[in-house]
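Each chain, written out:
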Amino acid sequence: MTTGWYCSKTFGSGSQSDAEAITEVEHRKHFVALDGLRGLAAISVVIFHFMEMAILDYTKNFIGHGFLAVDFFFCLSGFVMGYAYDDRIRTLGFIRFVRHRLIRLHPMVVFGAVLGLLAFLFDPFMPVPASYGVGRITMLFLTTLLVVPYPTMVERTHNLFGLNAPEWSLFWEYIASIVYALVLWRVARPALGVLLCIAALWLGICGYRDGWIYNGWDANGFWTGAARVSFSFLAGLFIYRYHLIWKNNLHFYAIGALLVLTFVMPFFSHEWLAEELVVFVFYPSLIMMGAGIHVSGVTEKLCSFLGRLSYPLYMTHYVALWIFMNFYQHHTIGYGMTAFIIGLSVTSLTIFAYGVMRFVDEPLRRRLRHMEKS
């Protein structure tokens, strides 16, 4: 295997929602393998969410570390942000940058909020609780549309976004984007390294205190979410700024398998330390390797497809999760039937996400970009 560090500055744009942005900047290298890795992570987190509804003991869940996909997303996003905007944000300006991010991300926020509201109102296995009047439901919907945390739903474990739970990570994605546009793009490389060390210490303290780094999605773990995005986003940006692209001959499927192994790895006696080693060392290394491999043919098409699919899948899949949970709580079914239902659900959601990608997300974003340019 021949390897080497790629130090060219002819980078491009990012992942889907960020990885797909690579294709929007002309004449730049397209790290298509990163699209594929993001897609694998999105599918894995969907499976994880179903499994955690069925098996409450994470140590008995075959994909019990699927939540680490979010940390991988954050790291990839930091790499992508520098890749897409470091050399043009000065001329682009803050307002146009925000418009770009809203066009990229917000159509699926709105679509996911509508789906979440419909699923809440018409869940066949759980009627709307009597305590939810029109005013409270309206507030839940509006805060979901505006990506404002509103962790008031007891029935949904005080998720920051009860109508569409995955939005918690998007909230931090927005925060990271704003901090990048206001501050981080100006930060010199040595200072970025200092910030990365501080973020690592913060996340280390959170992991040691909580026993793992799963938190961040509810009211109690709010600041752990901040620590998770701080380290991983800065790590990705650090990789880009220092051009840490490891050219290698590894196959995409080998790197993809390494990523999936982190989701299915067993639990350890010092769990927080194992998870943080994955986040601190392994995920940045995967991005370095993934950005340094060449894919072509069927694999290239597959990676591109997975990248395009990942964001619509991530932002729409939870519509079925609460329904599944309510069904599972009211019906006694065996492991075989549970596996069948989960498999069928994941397949159906993937097909649904493909339809959303083709007929909602991509056409709407094209239309919004056209309106912005005209």
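Before reading further, recall that the structure is shown in the block above.
Everything numeric here is computed off the predicted structure, so don't read it as measured data.

**A short note on the overall build of the chain**
Across its full length, the chain carries 13 helices and two strands. For 374 residues, the compact-globule estimate of 2.2 N^0.38 gives 21 Å, and the C-alpha radius of gyration of the chain, at 20 Å, lies within 12% of that figure. Each principal axis of the C-alpha distribution contributes one length, and for the chain these read about 60 × 55 × 40 Å. Sequence separation of 24 or more characterises 78% of the internal contacts of the chain that already satisfy a separation of 6 or more. When the accessible area of the chain is evaluated, it comes to approximately 16,200 Å², of which 68% is carbon and sulfur surface. One way to put it: in the chain the 27 positive side-chain charges average out to a point 10 Å from where the 23 negative ones average out.

**Notes on the packing of aromatic side chains**
Each aromatic ring pair is described using two quantities: the centre-to-centre distance and the angle formed by the ring planes. Tallied over the entire structure, the rule returns 34 aromatic pairs. Pairing Phe171 with Trp172 gives two aromatic rings, centres 4.9 Å apart and planes at 70°, and the pair type is edge-to-face. Residue Phe171 is classed as buried on the basis of its relative accessible area of 12%. Grouped by ring-pair contacts, the aromatic residues Phe48, Tyr58, Phe67, Trp212, Tyr214 and Trp217 constitute a single cluster. Over the aromatic face of Tyr132 sits the side chain of Arg136, whose NZ or CZ is 3.9 Å from the ring centroid.

**Some points on helix α12 (residues 318–330)**
Between the first and last C-alpha of α12 there are 19 Å, a value that for 13 residues agrees with the 18 Å anticipated at 1.5 Å per step. Those residues of α12 that fall on the buried side of the exposure criterion are Tyr318, Leu321, Trp322, Phe324, Met325, Asn326 and Phe327. Contacts from the buried residues of α12 go to α1 (32–54), α11 (297–316) and α13 (335–373).

**Section: the environment of Pro363**
Topologically, Pro363 is positioned in helix α13. In the structure, Pro363 is positioned 77 residues away from Leu286 in sequence and 32 Å away in space, judged by C-alpha atoms. Setting aside chain neighbours within four positions, we find Pro363 in contact with Met357 and Arg358.

**Details of the nonpolar core**
With 109 residues, the main nonpolar core has Leu68, Phe72, Phe79 and Tyr180 as its most contacted residues. If we skip the residues at most four places from it in the chain, Leu68 touches Ile213, Thr262, Phe263, Met265, Glu275, Val278, Val279 and Tyr283. Core analysis: the second largest hydrophobic core is formed by 10 residues, Leu117, Phe120, Phe141 and Met153 among them.

**Looking at unusual backbone geometry**
Even without being glycine, Thr157 reaches a positive phi, approximately 50°. Tracing the backbone through its elements, the reader meets Thr157 in the loop between α5 (134–146) and α6 (167–182). Even without a glycine there, the phi angle at His243 is positive, about 55°.

**A look at a nonpolar patch on the surface**
There is a patch of nonpolar side chains on the surface, built from Phe94, Ile95, Ile175, Ile178, Val179, Leu182 and Val183 and spanning about 560 Å² of accessible area. Contributions of two or more residues to the nonpolar patch are made by α4 (94–121) and α6. By residue number, the principal contributor to the nonpolar patch is α6, which donates four residues. Inspection of the secondary structure puts Ile175 in helix α6.

**Quick look at the pattern of salt bridges**
One pass over the full model with this rule turns up seven salt bridges. A salt bridge links Asp71 to Arg228; the shortest N-O distance between them is 2.6 Å. In this pair, Asp71 is assigned in helix α2 (residues 69–85) and Arg228 in helix α8 (residues 222–241), connecting sequence segments 157 residues apart. Of the residues examined, Asp71 reaches a relative accessible area of 0% and is grouped as buried. Arg228 sits in the buried class, given a relative accessible area of 1%. The partner of Asp361 in a salt bridge is Arg365, with the nearest N and O atoms 3.1 Å apart. Of this pair, Asp361 and Arg365 are both found in helix α13, four residues apart, which corresponds to roughly one turn of the helix.

**A word on the packing of α1 against helix α9 (residues 252–264)**
Two numbers describe a pair of packed helices, the interaxial angle and the distance between the axes. Running from N to C, α1 and α9 cross one another at 30°; their axes reach a closest spacing of 10 Å. By the angle between their directions, the pair α1 and α9 is classed as roughly parallel. As α1 packs across α9, the resulting crossing turns out to be right-handed. Contact residues: Ala33, Gly36, Leu37, Leu40, Ala41 and Ser44 in α1; Phe252, Ile255, Gly256, Leu259, Val260 and Phe263 in α9.

**Considering the side chain of Ser345**
Within the element layout of this structure, Ser345 appears in helix α13. Residue Ser345 is classed as buried on the basis of its relative accessible area of 18%. Only 2.7 Å separates the side chain of Ser345 from the backbone oxygen of Ile341, close enough to count as a polar contact.

**A closer look at the packing of helix α7 (residues 189–210) against helix α10 (residues 271–290)**
At a minimum axis distance of 9 Å, the contact between α7 and α10 shows a crossing angle of 155°. In terms of axis orientation, α7 runs roughly antiparallel to α10. For α7 against α10, the interelement crossing comes out right-handed. Contacts between α7 and α10 involve Ala200, Leu203, Gly204, Gly207 and Tyr208 from the former and Trp272, Glu276, Val279 and Phe280 from the latter. For the contact of α7 with α10, a count of residues per class yields six nonpolar, two polar and one charged.

About the thresholds
Residues numbered from 1 in each chain as written. Predicted model: local features only at pLDDT ≥ 70, side-chain atom pairs only at ≥ 80, totals over all residues. Heavy atoms only, no water. Helix = DSSP H or I, 4+ residues; strand = E, 2+ residues; numbered from the N terminus. Rg over C-alpha atoms; globule rule 2.2 N^0.38 Å. Contact = heavy atoms within 4.5 Å. Areas by Shrake-Rupley, 256 points an atom, 1.4 Å probe, with all protein chains shown as cover. Lys, Arg positive; Asp, Glu negative; His and termini not counted. Charge placed at Lys NZ, Arg CZ, Asp CG, Glu CD. Phe/Tyr/Trp six-rings, centres within 6.5 Å; stacked < 30°, edge-to-face > 60°. Buried < 20%, exposed > 50% of the residue type's maximum accessible area, 1.4 Å probe, protein only. Lys NZ or Arg CZ within 6 Å of the ring centre and 35° of its normal. Expected span 1.5 Å × (residues − 1). Core = buried A, V, L, I, M, F, W, Y, C linked by side-chain atoms within 4.5 Å. Patch = residues over 30% accessible without salt bridge, like charges linked within 9 Å, V, L, I, M, F, W, Y side chains within 5 Å. Salt bridge = Lys/Arg side-chain N within 4 Å of Asp/Glu carboxyl O. Axes fitted to C-alpha atoms, helices over the stretch in contact; angles between N-to-C directions. Parallel < 35°, antiparallel > 145°, perpendicular 65-115°, else oblique. Left-handed = near helix turned anticlockwise from the far one by under 90°. Polar contact = N/O pair within 3.5 Å; in protein donor to acceptor, adjacent residues only side chain to side chain. Nonpolar A, V, L, I, M, F, W, Y, C, P; charged D, E, K, R; others polar.

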